[in-house]
Protein chains: 4
Amino acid sequence: MLNIGIIGAGRIGKVHLQSITYHVKGAAVVAMADPFMNEETRSLIEGLGVKKICSDYHEILADPEVDAVLVCSSTDTHASISIEAIEAGKHVFCEKPVDHSLEKIQQVADALEKHPACRFQVGFNRRFDHNFAAVRRAYDAGKIGEAHILKITSRDPEPPNPAYIKVSGGMFLDMTIHDFDMACFLTNSDVEEVYVQSAVLVDPAIGEQGDVDTAIITLKMKNGALAVIDNSRRAAYGYDQRAELFGSKGMVATANDTLSSAVISDANGVTGEKPLFFFLERYMESFSEEMRQFVDACEKGTEVPVGIHAGMQAVRIGLAAKQSVAEHRPVRLA
Amino acid sequence: MLNIGIIGAGRIGKVHLQSITYHVKGAAVVAMADPFMNEETRSLIEGLGVKKICSDYHEILADPEVDAVLVCSSTDTHASISIEAIEAGKHVFCEKPVDHSLEKIQQVADALEKHPACRFQVGFNRRFDHNFAAVRRAYDAGKIGEAHILKITSRDPEPPNPAYIKVSGGMFLDMTIHDFDMACFLTNSDVEEVYVQSAVLVDPAIGEQGDVDTAIITLKMKNGALAVIDNSRRAAYGYDQRAELFGSKGMVATANDTLSSAVISDANGVTGEKPLFFFLERYMESFSEEMRQFVDACEKGTEVPVGIHAGMQAVRIGLAAKQSVAEHRPVRLA
Amino acid sequence: MLNIGIIGAGRIGKVHLQSITYHVKGAAVVAMADPFMNEETRSLIEGLGVKKICSDYHEILADPEVDAVLVCSSTDTHASISIEAIEAGKHVFCEKPVDHSLEKIQQVADALEKHPACRFQVGFNRRFDHNFAAVRRAYDAGKIGEAHILKITSRDPEPPNPAYIKVSGGMFLDMTIHDFDMACFLTNSDVEEVYVQSAVLVDPAIGEQGDVDTAIITLKMKNGALAVIDNSRRAAYGYDQRAELFGSKGMVATANDTLSSAVISDANGVTGEKPLFFFLERYMESFSEEMRQFVDACEKGTEVPVGIHAGMQAVRIGLAAKQSVAEHRPVRLA
Amino acid sequence: MLNIGIIGAGRIGKVHLQSITYHVKGAAVVAMADPFMNEETRSLIEGLGVKKICSDYHEILADPEVDAVLVCSSTDTHASISIEAIEAGKHVFCEKPVDHSLEKIQQVADALEKHPACRFQVGFNRRFDHNFAAVRRAYDAGKIGEAHILKITSRDPEPPNPAYIKVSGGMFLDMTIHDFDMACFLTNSDVEEVYVQSAVLVDPAIGEQGDVDTAIITLKMKNGALAVIDNSRRAAYGYDQRAELFGSKGMVATANDTLSSAVISDANGVTGEKPLFFFLERYMESFSEEMRQFVDACEKGTEVPVGIHAGMQAVRIGLAAKQSVAEHRPVRLA
């Protein structure tokens, strides 16, 4: 049994709590910390049998019963808490992005070098999604041949509120970062060069924050494949999450998930359901699966499926994307 | 060059005229007869280069230049005109049904016995449809294995007007007769037994004519397969024409054709186009293809793809279906 | 918190145990009984925190802590154990079929009359499936208009072993019984008449047991709709579970669920995944949902979603289907 | 009746001959010229009733019976023959591209200025395709709202032979030029900026010719929309031609056309047909439709649907694309 402490009781912290409680064998959440926990949250946590509830996460790090921690706090604290946790001898699952600064991520990597027994996983949950995993599986099985063109469509149902945009690091580090990781995962390769064509088409308020809400991002992968990501902060029909990998032998493509397969034919046309509304509905199973594999790696001491390199790489691409917008040119990754 | 005379200048006669003129190589319509031809029709026919236009079809039968005739007159004259044409030494393409009476169809068969050089084809055009032909091709190729269950969905967009229903012979001889032929074609087998569960759900006026407008028809095929046809005289979303053949190794299924593959995703759902509206749109290409194969059989003296046996068989099943409704029991074919 | 005892630790008993433990809030399995429990099963049950494990179900019925029991024993004991449980003051969830005999089901109904506080639910889990529920929802919302034609396709991936067939009551009471319930559920109506055309096409050994393995079943519903079920004991491509409801305003149809939406296009064609393999994969979520609603009805004293009438009705149709085969005619329900 | 002369009896000249003969009312091909016509071609042309067959196209230009000419010769002669035909008082349909040089296209435009009665149409047939036309129709009808992201996938089944690549002007002027026109057509806007990420992944021999075979092309449209085209010279599954337009209110997307809708489910999966093999199969109907609209514009003196501006624009984008590759940067259109 792996005893887990969760640091941060916001939306994603609660997702992990529920998913560990209900869907992950061999693990239990024994402690949860958040400086700003309200009564509702506290009662939810208690209801799921968590013994220690505290405001200061140091209590969790100091608790010898805790084997692993999930870092679900605000992004600017991910790196420093991760390093503290690593040094306290805990396994660490850190939400994405590890940080907005490559230097800070490097500090985490350095801490890991010194603590080789520590299992450190980054929360790129989409790698564990049934559809995207099937794309990679087809590729690994040789069904696509060599990768030539990867296309990722990633569109949110609604933009975040402007206040959030300010602290988010911008669309590329907040939203596209998942797609950058997907591009690396699905082609099994790192990125060599980035070019972004972007615009503010959804909401001028986003532009006023210095951010964009619509983009087409071209990537040149190290293995020679080309990739393109298209992003929008608002798709009228909901959360649009698709990938298509084309290669020398063929193509594998995924569609959006829906609540049911029911299709209604009537005088207006032939109408199926919209995509599942947002990431909590769409990716719920992937949150359980990433946790199962993290628990497994901790228990067995095997390699985690998404390590610090992936966490660093996605941020590196995101920063290059921002630079491409600023300088209006393709940018090579260092 | 096969010189063709068309007897009957109604809707289907015009379809064949246009399809031969535009889409069939090696054949030309040289004569057309109809006792009730209006000016518009005459001008259409002239415009397509037909040399002889007459009211009495005997002129066509007597014309030594005419190699083959298409019998597109009203159903009650199909058999007698066919026999005259056979005896006049013409090849014959006869619209479906050959007749509502098995005796009269037998008379046509008898005439054919005496004129073995005559190519006689029945107008079951759906056999030449790209989708249904693909089902049969998959079956012939062994991809389905032995046939176990055939499902045919056949629903019209609108019921015919009540006056037509009176002379149509009822839904089973008018509309379902195509599906009966499809059942034989797709399983490559004759029918052994018929059971009908039917109702008047679309329009009470149809019931007042002694007919039904909704039915589920179960067939036991001679090769052991079971088949089911479902019919409605009115599908709100248009013309619904699908088939599904299930067997020991798998299943082949078809979908409806649409004008385009465009699908719109918006706040209301994910909506594709309705099926092509009615048989002229849906089956236009099959009318050309049946004619090409008829012309080919005439020119080469080879076997026609749909002979008098198929024409007889479909009517036999239709009559058994009517008997099943009347006697509320399964009916074995003689 | 509803305390539940499970009687029977076979496949379906374990499904309910896991689904209550992991997916149902407000309920816990506190006791489980089976006369033939092996070590593996016992250890699984213990691992999920069940306090009382016994061989005699009477211990569960006598336990004042147990609020509700799930009857997951062999079919021939469903009715008698249900009656005992009702009389012991427990709520009862009884697996399908309640019995093969209408008399025995009536005895359960009689017991319920005398214990009006008892919540009694029958295990027709497919009513809670996301696809079938969406069909009914569309119908209830008036999108289909009046129901005219219902089509249910229900095909198993593999036939059961011959030994099981002997005790199963035959295909209609074992497999089709779910489809009979679906027909009533999806049209929101009872059945008036049944006609079966059936065959032994999958395995002669099934015929030797006096059973069939392939069938087309036509139903006339009390509300005037026609329905057809097609069954096979073996679909080469897996578990085929679809429904299509056609009415005056349109049609709603469902497709099979798959593990992912990935589609591979290559030189061989455009290939998607096969349906989810069998009922445990396909219907897992519906088992949780039926249990949630049962727990809810017990806690609140509200009506259960699938009561004894539905349990009786499905068996009544199944028996009529057997009679239709035996007497080769349509059979009206009493 | 519009009398048409065709200059050039290669593949596309024959396509137009057959399509006018069989599918276009109110027009006839009366003359055809090609300096290198073989016996087979001559006999095909004669068989379709063309009266004048000659080697020198000047005979056609001098023929007062000829109302319009189709310029289907090699690309380097398009502009000069078009100008001669315009000055000879003929209407002109010119195959794409009008020329590889903007100066020469401008000369054609200048000639048209002086002959305002001349109808001059460029052969961008895909605008008349049922799927792409449906996308534009949805956009024009306001169903997509403002255009934000356009995605075009355009992949050939096989690369052309290396000899052709030499004279083709490279992939962007030969193949992508259709997609450039589509981008303008589907967003109803001109292009402002182009960026290309390209590679040689299909065949090194293409690279040796100084060309590329795989590309992702990002376009910024004048109306603010972003567009992306992905190209490959070889898709193992055939000719891949799709478009997806995303906007403020929703998305419209098309799929590939297939020979039939038949889908086979078996132990290997659920497999539909590959896309129609190549442009002759895929776009045949669009060749007829562009010709119908050209004939109509000539007869009525109305505007042609694809004029010299579109012909110029597509080449302009193609040249910018080549420059983007050469200079590895986004290129603004003059």
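Right above here is the structure, for reference.
Keep in mind that this is a model prediction, so the values were computed, not measured.

S.K.: Explain the packing of helix α4 (residues 75-87) of chain A against helix α5 (residues 102-114) of chain A here, please?
M.R.: Packed helices, taken two at a time, are described by the angle their axes make and the gap between the axes. All names here are of chain A. At a minimum axis distance of 9 Å, the contact between α4 and α5 shows a crossing angle of 10°. Put simply, α4 runs roughly parallel to α5. Residue-level contacts link D76, A79, S82, I83 and I86 of α4 to K104, Q107, V108, A111 and L112 of α5. For the contact of α4 with α5, a count of residues per class yields six nonpolar, two polar and two charged.

S.K.: Whenever I open this one, helix α1 (residues 11-23) of chain C confuses me. Can you help?
M.R.: For an α-helix the count is 3.6 residues per turn, leaving residues at separations of three or four pointing the same way. Here α1 of chain C spans 18 Å end to end across 13 residues, near enough to the 18 Å set by a 1.5 Å rise per residue. Taken as a whole, α1 of chain C has its buried residues at G13, V15, H16, L17, S19, I20 and Y22 of chain C.

S.K.: Quick question: what am I supposed to make of the interface of chain D and chain A here?
M.R.: Interfaces are often sized by the amount of accessible area the parts lose when they come together. Each partner contributes residues to the interface: chain D has 39 residues there, and chain A has 39 residues. Buried area between chain D and chain A, summed over both chains or domains, comes out near 3100 Å², and the portion from carbon and sulfur atoms is 66%. Seen at the junction of chain D and chain A, the total is six salt bridges. Two residues, R242 of chain A and E244 of chain D, come together in a salt bridge whose shortest N-O distance is 3.0 Å. At the boundary of chain D and chain A, one finds 13 residue pairs in polar contact (both at pLDDT 80 or more). Mapped by element, the contributors of at least two residues to the side of chain D that touches chain A are β7 (147-155), β8 (191-199), β9 (214-221), β10 (226-232), β11 (240-247) and β12 (250-253) of chain D. At six residues, the largest contribution of residues to the side of chain D that touches chain A is made by β10 of chain D. Of the residues in the side of chain D that touches chain A, the class split is 16 nonpolar, 12 polar and 11 charged.

S.K.: In this structure, what is going on with the pairing of strand β8 (residues 191-199) of chain B? I would like to understand it.
M.R.: All names here are of chain B. Along β8, nine of the nine residues are buried, which leaves the element largely enclosed by surrounding structure. Strand direction decides the pairing type here: β8 and strand β15 (residues 331-332), joined by two bridges, are antiparallel. When the bridges of β15 are listed, E193 appears paired with R332.

S.K.: How should I be thinking about the relation of the copies chain D and chain A in this particular structure?
M.R.: For the pair of chain copies, the relating operation is a rotation around an axis with a shift along it. With an RMSD of 0.0 Å, the fit of chain D onto chain A corresponds to turning through 180° and sliding 0.0 Å along the axis. In short, the pair behaves as if placed about a two-fold rotation axis. Scanning chain D for the C-alpha nearest the rotation axis identifies R329 of chain D, at a separation of 2.9 Å.

S.K.: I would appreciate a short explanation of the interface of chain B and chain A in the present structure.
M.R.: Taken together, the contact pairs 12 residues of chain B with 12 residues of chain A. Carbon and sulfur atoms supply 59% of the area that chain B and chain A bury against each other, a total of about 900 Å² over both sides. The tally of links from chain B across to chain A stands at zero salt bridges. For the interface between chain B and chain A, the tally reads five residue pairs in polar contact (both at pLDDT 80 or more). Among the elements of the structure, β13 (263-266) and β14 (269-272) of chain B are those that each provide at least two residues to the side of chain B that touches chain A.

S.K.: Please clarify how unusual backbone geometry should be interpreted in this entry.
M.R.: Both trends apply: most residues other than glycine have a negative phi, and most peptide bonds are in trans. Here the bond from K96 of chain A into P97 of chain A is cis, since omega is -10°, no more than 30 degrees from zero. Structurally, P97 of chain A is set in the loop between β5 (91-94) and α5. At N188 of chain D, a position not held by glycine, the phi torsion is positive, near 50°. Relative to the helices and strands, N188 of chain D resides in the loop between α9 (176-187) and β8. Positioned with a positive phi, H328 of chain D is a non-glycine residue whose angle comes to about 50°. With respect to the helices and strands, the residue H328 of chain D is situated in the loop between α13 (308-327) and β15 (331-332). Residue class for H328 of chain D comes out partly exposed when judged on its relative accessible area of 36%.

S.K.: Whenever I open this one, the nonpolar core confuses me. Can you help?
M.R.: Considering soluble globular proteins, one finds that nonpolar side chains tend to be buried as a cluster. Counting 69 residues, the largest nonpolar core has I4, L70, F172, V194, I217 and L219 of chain D as the members making the most contacts within it. In this structure, L219 of chain D is in contact with F180, A183, V191, E193, V194, A225, L226, A227, I229 and I317 of chain D, ignoring residues within four places of it in sequence.

Criteria and thresholds
- Residues numbered from 1 in each chain as written.
- Chains lettered and ligands numbered in written order.
- Predicted model: local features only at pLDDT ≥ 70, side-chain atom pairs only at ≥ 80, totals over all residues.
- Heavy atoms only, no water.
- Axes fitted to C-alpha atoms, helices over the stretch in contact; angles between N-to-C directions.
- Helix = DSSP H or I, 4+ residues; strand = E, 2+ residues; numbered from the N terminus.
- Parallel < 35°, antiparallel > 145°, perpendicular 65-115°, else oblique.
- Contact = heavy atoms within 4.5 Å.
- Nonpolar A, V, L, I, M, F, W, Y, C, P; charged D, E, K, R; others polar.
- Expected span 1.5 Å × (residues − 1).
- Buried < 20%, exposed > 50% of the residue type's maximum accessible area, 1.4 Å probe, protein only.
- Buried area = accessible area lost by both parts, 1.4 Å probe.
- Salt bridge = Lys/Arg side-chain N within 4 Å of Asp/Glu carboxyl O.
- Polar contact = N/O pair within 3.5 Å; in protein donor to acceptor, adjacent residues only side chain to side chain.
- Pairing = 2+ DSSP bridges.
- Least-squares fit on C-alpha atoms with pLDDT ≥ 70 in both.
- Core = buried A, V, L, I, M, F, W, Y, C linked by side-chain atoms within 4.5 Å.

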